[in-house]
Amino acid sequence: MNIINKLQFFLYTTILLWNTFSLKAIVPIPSENPSKYQKQQIKRKYGMFIHFGINTFHDVEWSDGNLPAHSYKPETIDAAQWVKTAKDAGMKYVILVTKHHDGFCLWDSKYTEYDVANSGNPTNVIEAVAKECQKQGIQLGLYYSLWDRKENADVTNIEADKKYNSYMLAQLNELMDITSQYTHIVEFWFDGSWEKPSYRWPIQDIYSTIKQREPQCQIGINWSIGEDSNPNDPAAPAKSYRIDPEKQKEGDPIRYFPSDFRLGDPLLPAYPDPKIFTHHGQRYYMPFESTVCLSKRWFYCTTDTVYKSLNELIKLYNRATSQDNILILNVPPARDGKMRKKDMDLLKELRKHLNIND
């Protein structure tokens, strides 16, 4: 980040903090029935995860922010092919990874140099995919990792939270600035929250920041159900745990904030699946979104050659999309910036067996 960008960041952070103090908190309304926008998410039913980034070029799933930006060097960004693959599969939307735990950003961010602008291919991937979603009539969701091993490596340092929280809010606004030129965001998928207690994440500010611009956007946090220690209640016993989807029961606590839907990748929901969960004595309806790999890995890997069988995928789809829930299948582009033929062929075959119409 050069001196001009540092000054921009300072000014933007000052404005952001002012807006945060003046921003009216937007919160989910307690209800035991799905809201209008939850019904829209349930109706979408089936979508595609797109994991692509610096890890794609190193055969790893997670990295720590030390891989050089120039090692990200796709031959092209074939966003048209990515979106068409989802459309041909009968999917209604894609969820694009914008920043994974490593902190590498797939757009030119004002707030870091660890992004595509300093890589082997400066294409703004967020913009390219948003354009194609608009063109091909597919809806757009975004994944963003709260845990950032580049910008906030020492997660034990509570004093660093304020600066990093402002960084996140600034980047979320950047992402909405990019996508709003082309389409609406229907989903924000947040990851990595387990690295800090829930009270240290600015989830209320994140929720309000997104909802004031994209009210239809459904917001979910990975490993949504469980409980953390409460630093404001010294008498409360120390506790931090998650409840796996298969073991969730009606009335279980919401771990972070009463967001719009539940996540717990790559697990499937219980049968029967509860929908009502509690936060601060209030009850909230939350459907479950299953996120599962088509092959073995989230990111492209040269040794990732074992795929789920067609029969497995049929059973998976039927289980994950029953009970008013949603399935997202992960399809990772390779180092040439294109999706693999095996993935595309398997998805088309799956669509035939599922009898999915346009």
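Residues numbered from 1 in each chain as written. Predicted model: local features only at pLDDT ≥ 70, side-chain atom pairs only at ≥ 80, totals over all residues. Heavy atoms only, no water.

**Student:** Can you walk me through the overall build of the protein in this structure?
**Tutor:** The secondary structure content of the protein amounts to 8 helices and 12 strands. Relative to the 2.2 N^0.38 estimate, which gives 21 Å for 358 residues, the radius of gyration of the protein is 20 Å and therefore close to what a compact globule would have. Sequence separation of at least 24 residues holds for 78% of the intrachain contacts in the protein that already meet a minimum separation of 6. Approximately 15600 Å² of the protein is accessible, and the part contributed by carbon and sulfur atoms is 52%. (Helix = DSSP H or I, 4+ residues; strand = E, 2+ residues; numbered from the N terminus. Rg over C-alpha atoms; globule rule 2.2 N^0.38 Å. Contact = heavy atoms within 4.5 Å. Areas by Shrake-Rupley, 256 points an atom, 1.4 Å probe, with all protein chains shown as cover.)

**Student:** Help me out: how do you make sense of the nonpolar core in this one?
**Tutor:** Inside soluble globular proteins, nonpolar side chains tend to come together where they are buried. Of all hydrophobic cores here, the largest spans 78 residues; its most connected members are Tyr72, Val129, Phe188, Phe190 and Leu329. Take this core: its biggest share by element is 9 residues, from helix H5 (residues 161-179). If we ignore the near neighbours within four places in the chain, the residues touching phenylalanine 188 are Leu142, Tyr144, Leu172, Leu175, Met176, Ile210, Cys217, Gln218, Ile219, Gly220 and Phe261. Grouped together as the second largest cluster of nonpolar side chains are 14 residues, Ile95, Phe299, Ile326 and Ile328 included. (Core = buried A, V, L, I, M, F, W, Y, C linked by side-chain atoms within 4.5 Å. Buried < 20%, exposed > 50% of the residue type's maximum accessible area, 1.4 Å probe, protein only.)

**Student:** Looking at this structure, I do not really get the sheet that holds strand E4 (residues 185-191). What am I missing?
**Tutor:** The strands making up a sheet associate through hydrogen bonds between their backbones, and the pairing can be parallel or antiparallel. Here 8 strands make up an open sheet; going across it, the order is E8-E5-E4-E3-E2-E1-E12-E11 and the pairing parallel. The outermost strands of the open sheet, each flanked by one partner alone, are strand E8 (261-262) and strand E11 (289-293). As paired elements, strand E5 (residues 218-221) and E8 share 2 bridges and run parallel to each other. Each bridged residue has a counterpart across the sheet, and for glycine 220 the counterpart in E8 is phenylalanine 261. With respect to the sheet, helix H7 (residues 310-321) is in contact with strand E1 (46-50), E11 and strand E12 (326-330), its orientation differing from that of E12 by roughly 140 degrees. (Pairing = 2+ DSSP bridges. Axes fitted to C-alpha atoms, helices over the stretch in contact; angles between N-to-C directions.)

**Student:** Honestly, the packing of helix H3 (residues 79-88) against helix H4 (residues 125-136) in this entry has me stumped. Any pointers?
**Tutor:** The packing of two helices is summarised by the inter-axis angle and the distance between the axes. Interhelical geometry of H3 versus H4 gives an angle of 45 degrees and a closest axis separation of 9 Å. Here H3 lies oblique to H4, going by the angle between them. Crossing of H3 over H4 shows right-handed handedness. Contacts between H3 and H4 involve Ala79, Ala80, Trp82, Val83, Lys84 and Lys87 on the former and, on the latter, Val125, Ala128, Val129, Glu132, Cys133 and Gln136. Of the residues contributing to the contact of H3 with H4, the split by class is 8 nonpolar, 1 polar and 3 charged. (Parallel < 35°, antiparallel > 145°, perpendicular 65-115°, else oblique. Left-handed = near helix turned anticlockwise from the far one by under 90°. Nonpolar A, V, L, I, M, F, W, Y, C, P; charged D, E, K, R; others polar.)

**Student:** Would you take a moment to explain the pattern of salt bridges for this structure?
**Tutor:** A pair can form between side chains of opposite charge whenever their charged atoms are brought close. Evaluation of the coordinates by the stated rule reveals 19 salt bridges. For aspartate 343, the salt bridge goes to arginine 340, with nearest N and O atoms at 2.8 Å. Since its relative accessible area comes to 0%, aspartate 343 is described here as buried. Exposure remark for arginine 340: the relative accessible area of 13% places this residue in the buried category. (Salt bridge = Lys/Arg side-chain N within 4 Å of Asp/Glu carboxyl O.)

**Student:** Can you help me understand the packing of aromatic side chains in this one?
**Tutor:** Within a pair of aromatic rings, the relevant descriptors are the distance that separates the centres and the angle that separates the planes. For the structure on display, the rule yields 18 aromatic pairs. Pairing phenylalanine 104 with tyrosine 114 gives two aromatic rings, centres 5.3 Å apart and planes at 85 degrees, and the pair type is edge-to-face. Of the two residues, phenylalanine 104 sits in the loop between strand E2 (93-99) and H4 while tyrosine 114 sits in the loop between E2 and H4, which places them 10 residues apart along the sequence. For the pair phenylalanine 104 and tyrosine 114, a shared accessibility class is recorded, and that class is buried. Ring pairing ties together the aromatic residues Phe52, Phe57, Tyr72, Trp82, Phe104 and Tyr114, which thus form one cluster. Here arginine 44 stacks its cationic end above the ring of tyrosine 93, 5.2 Å away from the centre of that ring. One cation-aromatic arrangement involves lysine 196 over tryptophan 201; the distance from NZ or CZ to the ring centre is 4.6 Å. (Phe/Tyr/Trp six-rings, centres within 6.5 Å; stacked < 30°, edge-to-face > 60°. Lys NZ or Arg CZ within 6 Å of the ring centre and 35° of its normal.)

**Student:** Would you mind showing me how to read H7 here?
**Tutor:** The end-to-end C-alpha distance of H7 is 16 Å, a good match for the 16 Å that 12 residues give at a rise of 1.5 Å each. Those residues of H7 that sit buried are Leu310, Leu313, Ile314, Leu316, Tyr317, Ala320 and Thr321. Viewed along the axis of H7, the buried residues span an arc of 165 degrees, placing them on a single side of the element. Facing away from the buried side of H7, by more than 90 degrees, are the exposed residues Asn311 and Lys315. In the core, the buried residues of H7 are packed alongside E1, E11, E12 and helix H8 (341-354). Glutamine 323 sits one or two positions beyond H7 and adopts a positive phi of about 60 degrees. (Expected span 1.5 Å × (residues − 1). Arc of directions from axis to C-beta.)

**Student:** Teacher, can you tell me more about the pairing of E4 here?
**Tutor:** Walk down a regular strand and you will see the side chains alternate between the two sheet faces. Of all 7 residues that make up E4, 7 are buried, and the element is covered over most of its length. What joins strand E3 (residues 139-145) to E4 is H5, and the crossover it makes is right-handed. Handedness of the crossover joining E4 and E5 through helix H6 (residues 203-211) is recorded here as right-handed. (Right-handed = clockwise from strand over helix to strand, strands pointing away.)

**Student:** I keep staring at the packing of H5 against H6 and nothing clicks. Help me out?
**Tutor:** Contact pair H5 / H6: the axes reach a minimum separation of 10 Å and the direction vectors enclose 20 degrees. One way to sum up the angle between H5 and H6 is to call them roughly parallel. As H5 runs across H6, the sense of the crossing is right-handed. Contacts between H5 and H6 involve Leu169, Leu172, Asn173 and Met176 from the first element and Asp205, Ile206, Thr209 and Ile210 from the second. A per-class count over the contact of H5 with H6 returns 5 nonpolar, 2 polar and 1 charged.

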